[in-house]
Every structure is written in structure tokens, then in C-alpha cells.
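An overview of the molecular structure
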Amino acid sequence: TPHSVTKHLLKEALELHQKPTDPSEIADVFLLTVGAATAAGVDLHDCVRHKLDVNRAREWGKADEDGVIEHIEDPGATA
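Below you will find a few notes about this structure. Just so you know, these numbers come straight off a predicted model, no measurement behind them. Residue positions are counted from 1 within each chain, in the order its sequence is given. Per-residue local features are limited, in this predicted model, to residues with pLDDT of at least 70; the limit for side-chain atom pairs, both in listing and counting, is 80 or more; totals at the level of whole chains, interfaces and linings are taken over all residues. Side-chain metrics in this entry use all non-hydrogen atoms of the structure; hydrogen atoms and water are not considered.

In DSSP terms, a helix is any run of H or I states spanning at least four residues, a strand is any run of E spanning at least two, and both are numbered starting from the N terminus. The helix and strand tally for the protein chain stands at three helices and zero strands. Listing every helix and strand of the protein chain by position from the N terminus yields α-α-α. Throughout, the radius of gyration refers to the C-alpha atoms, and the reference size of a globule is 2.2 Å times the residue count to the power 0.38. Computed over its C-alpha atoms, the radius of gyration of the protein chain comes to 15 Å, more than 25% above the 12 Å expected for a compact globule of 79 residues. Dimensions of the protein chain along its principal axes, counting C-alpha atoms only, are 35 × 35 × 20 Å. Where accessible areas are quoted, they stem from the Shrake-Rupley method and a 1.4 Å probe; at the residue level, only the protein chains shown are allowed to cover. Here the protein chain displays about 6,500 Å² of accessible surface, and carbon together with sulfur accounts for 60% of that area. Placing the 8 positive and 15 negative side-chain charges of the protein chain at their respective mean positions leaves the two points 3 Å apart. Residues scored as positive are Lys and Arg, those scored as negative are Asp and Glu, and His as well as the terminal groups of each chain are ignored. To locate a charge, the coordinates of NZ of Lys, CZ of Arg, CG of Asp or CD of Glu are taken.

Next up, the structure:
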């Protein structure tokens, strides 16, 4: 199910976080992401294209102490 795949993905993402250059962990996360899209009936190509368009239109903040850059929330946006 989508839920079971994403639970597994969470576990593998933590493993990747611990070993961020391990090709096997990268592959696990990628394959589970594809599996999550398949289980949810989502066209991965279309949703990635859409998300890239959304991200290009966003305003981005500065990197935090870990180097993570988040988009700036639009106060007028709805969830």
C-alpha cells in the first residue's frame, strides 16, 4: 500500500542520512520513491515536472547551519 511503502521509505531515508554517499542507500530511496508513486497511482514524470515548476516560482531563503535551504512561505497561500 502507499502507507507501507512510505513507512519503508522513511526507514531507508534515515539510513541514507547516516551514509549519504552509499550508492546502495541512494538506490533504496529512489526505488521506494518510484514504488510509492506506483502504489498511489501517480505519474512520477508528471508530478516531478509540476513540482519543478512550483519550485522555480518560489522564493528561497538562506541556508541554515546544515546547509538546508527552504522556500519562503507565502502568507497568502492556503494548504
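Moving on: the side chain of Glu25. Structurally, the position occupied by Glu25 is in helix α2 (residues 23–40). Under the relative-accessibility criterion, Glu25 is labelled buried at 7%. When checking whether two residues touch, look at their non-hydrogen atoms; a contact exists if any pair is within 4.5 Å. Residues contacting Glu25, with those up to four places away along its chain left out, are Glu12, Glu15, Leu16 and Lys19. When a residue's accessible area, from a 1.4 Å probe over protein chains only, is under 20% of the maximum for its type it is buried; when over 50% it is exposed; and in between it is partly exposed.

Before going further, it helps to spend a moment on helix α1 (residues 2–18). Taking 1.5 Å of rise per residue, 17 residues should cover 24 Å, and α1 covers 24 Å from first to last C-alpha, within 8% of that figure. All of the buried residues in α1 are Val5, Leu9, Glu12 and Leu16. Buried residues along α1 cover an arc of 75° about the axis, so they all sit on one side. Pointing more than 90 degrees away from the buried face of α1 are the exposed residues His3, Leu10, Lys11, Leu14, His17 and Gln18. Residues of α1 that are buried make contact with α2. Here the expected span of a helix is defined as 1.5 Å times the quantity of residues minus one. Think of it as the arc spanned by the lines of direction from the helix axis to the C-beta atoms.

Below, the discussion takes up the environment of Trp60. Along the polypeptide, Trp60 turns up in the segment after α3 (44–57). Considered as a pair, Trp60 and Asp46 are 14 residues apart in the sequence and their alpha carbons are 23 Å apart. When near neighbours in sequence (up to four residues on either side) are disregarded, Trp60 contacts Asn55, Ile69, Glu70, His71 and Ile72. Here a polar contact is taken to be a pair of N or O atoms separated by no more than 3.5 Å, where protein atoms must pair a possible hydrogen donor with a possible acceptor and residues adjacent in sequence count only if both atoms sit in side chains. There is a polar contact of 3.0 Å between the side chain of Trp60 and the backbone oxygen of Asn55.

This part is about the nonpolar core. In terms of nonpolar packing, the biggest core is built from six residues, these being Val5, Leu9, Leu16, Val29, Leu32 and Ala36. Elements supplying a minimum of two residues to this core: α1 and α2. Other than its neighbours up to four places away in sequence, Val29 contacts Leu9, Glu12, Ala13 and Leu16. We call a set of buried residues a nonpolar core when its members are Ala, Val, Leu, Ile, Met, Phe, Trp, Tyr or Cys and they connect through side-chain atoms within 4.5 Å of each other.

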